[in-house]
Amino acid sequence: MKTAVVRCAVGIGVLCSAAQGLIGQDGASGGVGWIGVRDERFRERFRQVLLAVPTQDLATGWSLASDLGRPAAPLLWEMTAAESASVGPRLVVMAAAIFAGGPLEDERLFAWLDRPKPMLEERVLVSMLLALGPKRTRTKNEFRSRVIGPNRSPEQILGIAARLASARFAGQDAGTPVLLDDDPGLAAAAIYAGNDVPASTENRLWNLRAPERHAELFWRAAMLGGARQIAEHGAVSDALLGRARDLMALPGDQFAAVRSAAAIFRSRARDLRAEGPCPDWRLVQAMAIDAAGAHALADWLGAAAQPRDEEPQRLAVAYVLSREAERVVAERGTWGTDPRIARHVAIALAWRLLGDASPRAIDVQMPATPEWAFVRWATGASIDAPGQIEDPQLQTALGLAVNGRIDRDALRTALEDALWRWGSHPAQAVVEQERLLVRDLLLVGSNLGGGKYVPHIVTEQRYRPTGIGPDATFFRIAVAAYDFLARPRGPVPAEHRLR
């Protein structure tokens, strides 16, 4: 019981407060504690923010769905079914249902896909949201056929989206048909998912000296898919490692994403070290994606932020992971005076110390950084008058710690989740590059918002899969959903937890 209370308090505080007191008892809704499908209070609120034109605010409606979580899923799926006449509203509410349910409600989602009516736009949006979500731990039977529906030759955009989604489900690379279309975007989605790509297509797309248009999508997908394979299975392809080194050597701003994807692959392969001048901070972020990567780059990671680093928090956390805790404490006169990074360093250091069964006592004070209280607690030092922490969930966790109501493992999880919410968790570099790949394969070719991501590329040169017209309402909603998911939510996905 104690563990359940602690996790509620520090992990899903908004959900606990929002769902407390809900009295829906409809059997189809999951019983007591779920929002009944006939609950007009929530139905009307969702209708106002998701569907009513004068008051429509998709971000607010989707935030409400996410905060309420699973208790809202039955109602939102019922509202989705009610919008049978118009695809736009149906996509909006369906996205809310997916945001509310998360991975634990996949059965409802796939039951919806199993219906004979889901249209192309629905299947593509579902696949995109799955591709942007966390990894599932279980294989989904007949995944491909359930996602693409009865069409044996799905439209190009659905073929891409379904393969991107399959990368999030265990074992879905097995048995997927080889490509019959040599489109570079489709090949990119296939290699990202671990599917076979014809040798002729691979050889053509791997021409770095005279690359064909959109080949860089394939390069990025190969690097990110290969990095995932290393994380899951441990095997490193020597051929792909050689290609990664070649890609990191490509000059020019147009290959920045390629270099970052290659850096992620090489980091997973433990093929990087701090040699020569320090690269641009963006590339270093892609190299220092976990503790081992940070340790290998220790000479490039200092207590002071790089002068041109626009997001110094993430490398500040990598700095903590790269050296002994005592040295981080000794250098507090440098990082502790930079308000951009001080709290991130304190939380990362406390996370490290909580993993040590008997850490050396750190009995120093940092009154300007209230998060330092976690460092003191982790080493057994007293916390006389803890300051006010801006993050409400951390403030709750600190109160539990002061009162002896949380154990070290639970607090450590809460601290890492805070780094994730703040965007300073090193693995965010992996998530961002995977998100960019999904975006560039599915959205940038549209005329309803997608072009804003690549305004420097003329419309005719942007990648645009066939199947849904560039002016379709689908893209307005899909772009809004992509933007909504830009801010990290919830706990750290299991595959990205620091070790």
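Can you explain the overall build of the protein chain? Please cite residues and give values.
Of the regular secondary structure elements, the protein chain holds 26 helices and zero strands. Here the protein chain has a C-alpha radius of gyration of 24 Å; the compact-globule value for 499 residues is 23 Å, and the two agree. Its C-alpha atoms give the protein chain principal-axis dimensions of roughly 65 × 65 × 40 Å. When the 499 residues of the protein chain are sorted by exposure, 54% land in the buried category. Relative to all contacts within the protein chain whose residues are 6 or more apart in sequence, the contacts with residues 24 or more apart total 65%. Roughly 22100 Å² of accessible area belongs to the protein chain as shown, and the carbon and sulfur atoms make up 51% of that amount. Positive and negative charge centroids in the protein chain, built from 59 and 57 side chains respectively, lie 2 Å apart.

Kindly report on the confidence of the model for the protein chain, identifying the contributing residues and their values.
It should be kept in mind that the predicted coordinates are not to be read in detail where pLDDT is low. Scored by pLDDT, the protein chain has a mean of 90; 92% of the residues are at 70 or more. Across residues 1–30, confidence stays below pLDDT 50; counting only partners more than four residues off in sequence or on other chains, it has 49 contacts.

Please set out the environment of W377 residue by residue, giving values where relevant.
In this structure, W377 sits in helix α22 (residues 372–378). For the pair W377 and L353, spaced 24 residues apart in sequence, the C-alpha to C-alpha distance is 9.5 Å. Sequence-distant contacts of W377, that is, excluding residues within four places in its chain, are made with L354, I383, A401, V402, I406, R408 and L411. From its side chain, W377 meets the backbone oxygen of A401 in a polar contact 3.0 Å long.

Pulling in residues and values, what's your account of unusual backbone geometry?
With a phi close to 55°, E142 is a non-glycine residue in the positive phi region. Residue E142 is classed as exposed on the basis of its relative accessible area, which comes to 62%. The backbone of R270 sits at a positive phi, close to 55°, despite the residue not being glycine. Considering the arrangement of structural elements, one finds R270 in the loop between α15 (256–268) and α16 (281–287). A relative accessible area of 46% means that R270 is categorised as partly exposed.

Tell me about the pattern of salt bridges, residues and numbers included.
Taken as a whole and judged by the stated rule, the model has 33 salt bridges. A salt bridge links E78 to R43, with the nearest nitrogen and oxygen atoms 2.9 Å apart. Taken together, the residues span a long stretch of sequence, with E78 in helix α5 (residues 73–82) and R43 in helix α3 (residues 40–50) at a distance of 35 residues. One continuous salt-bridge network, built from bridges that share partners, spans E216, R220, R439 and D440.

Please provide a residue-by-residue account of the packing of helix α18 (residues 312–321) against helix α21 (residues 342–354), values included.
Packing of α18 against α21 brings their axes to within 9 Å, and their N-to-C directions diverge by 30°. Compared by their axis directions, α18 and α21 come out roughly parallel. Crossing angle aside, the handedness with which α18 passes α21 is right-handed. Each of Q313, A316, V317, V320 and L321 in α18 lies in contact with α21, whose residues at this interface are H344, V345, A348, L349, W351 and R352. Of the residues in the contact of α18 with α21, the class split is eight nonpolar, two polar and one charged.

Pulling in residues and values, what's your account of helix α23 (residues 392–402)?
Residues of α23 that are buried: Q393, L394, A397, L398, L400 and A401. The buried side chains of α23 occupy one side of the element, clustering within an arc of 160° when seen end-on. A distance of 3.0 Å separates the backbone nitrogen of Q393 from a side-chain oxygen at the start of α23, and that oxygen is part of D391. Immediately beyond the C-terminal end of α23, within one or two residues, lies G404, with a positive phi of roughly 65°.

Mind laying out the packing of aromatic side chains, listing which residues take part and the relevant values?
Taken as a whole, this structure holds twelve aromatic pairs when the rule is applied. With a centroid separation of 4.8 Å and 40° between ring planes, the pair formed by F143 and F169 is classed as tilted. Taken as a pair, F143 in helix α9 (residues 143–148) and F169 in the loop between α10 (156–166) and α11 (184–193) lie far apart in primary sequence, 26 residues in all. For the pair formed by F143 and F169, the shared burial category is buried.

If you had to explain the environment of E434 to someone new, which residues and values would you point to?
Mapped onto the secondary structure, E434 falls in helix α25 (residues 428–442). Overall, the relative accessible area of 7% leaves E434 in the buried class. As a C-alpha pair, E434 and S166 span 268 residues in sequence and 13 Å in three-dimensional space. Not counting the four nearest positions on each side in its chain, E434 is found in contact with R168, Y192 and L224.

An account of the packing of α5 against helix α7 (residues 106–114) is needed here, citing residue identities and associated values.
Two elements in contact, α5 and α7, have axes whose closest approach is 11 Å; the angle formed by their N-to-C orientations is 15°. Here α5 lies roughly parallel to α7, going by the angle between them. In this structure, α5 crosses over α7, and the sense of that crossing is right-handed. Across the interface between the two elements, P74, W77, T80 and A81 of α5 pack against R108, L109 and W112 of α7. Its residues assigned to classes, the contact of α5 with α7 comprises five nonpolar, one polar and one charged.

Procedures and definitions
- Residues numbered from 1 in each chain as written.
- Predicted model: local features only at pLDDT ≥ 70, side-chain atom pairs only at ≥ 80, totals over all residues.
- Heavy atoms only, no water.
- Helix = DSSP H or I, 4+ residues; strand = E, 2+ residues; numbered from the N terminus.
- Rg over C-alpha atoms; globule rule 2.2 N^0.38 Å.
- Buried < 20%, exposed > 50% of the residue type's maximum accessible area, 1.4 Å probe, protein only.
- Contact = heavy atoms within 4.5 Å.
- Areas by Shrake-Rupley, 256 points an atom, 1.4 Å probe, with all protein chains shown as cover.
- Lys, Arg positive; Asp, Glu negative; His and termini not counted.
- Charge placed at Lys NZ, Arg CZ, Asp CG, Glu CD.
- pLDDT = per-residue confidence, 0-100.
- Polar contact = N/O pair within 3.5 Å; in protein donor to acceptor, adjacent residues only side chain to side chain.
- Salt bridge = Lys/Arg side-chain N within 4 Å of Asp/Glu carboxyl O.
- Axes fitted to C-alpha atoms, helices over the stretch in contact; angles between N-to-C directions.
- Parallel < 35°, antiparallel > 145°, perpendicular 65-115°, else oblique.
- Left-handed = near helix turned anticlockwise from the far one by under 90°.
- Nonpolar A, V, L, I, M, F, W, Y, C, P; charged D, E, K, R; others polar.
- Arc of directions from axis to C-beta.
- Phe/Tyr/Trp six-rings, centres within 6.5 Å; stacked < 30°, edge-to-face > 60°.

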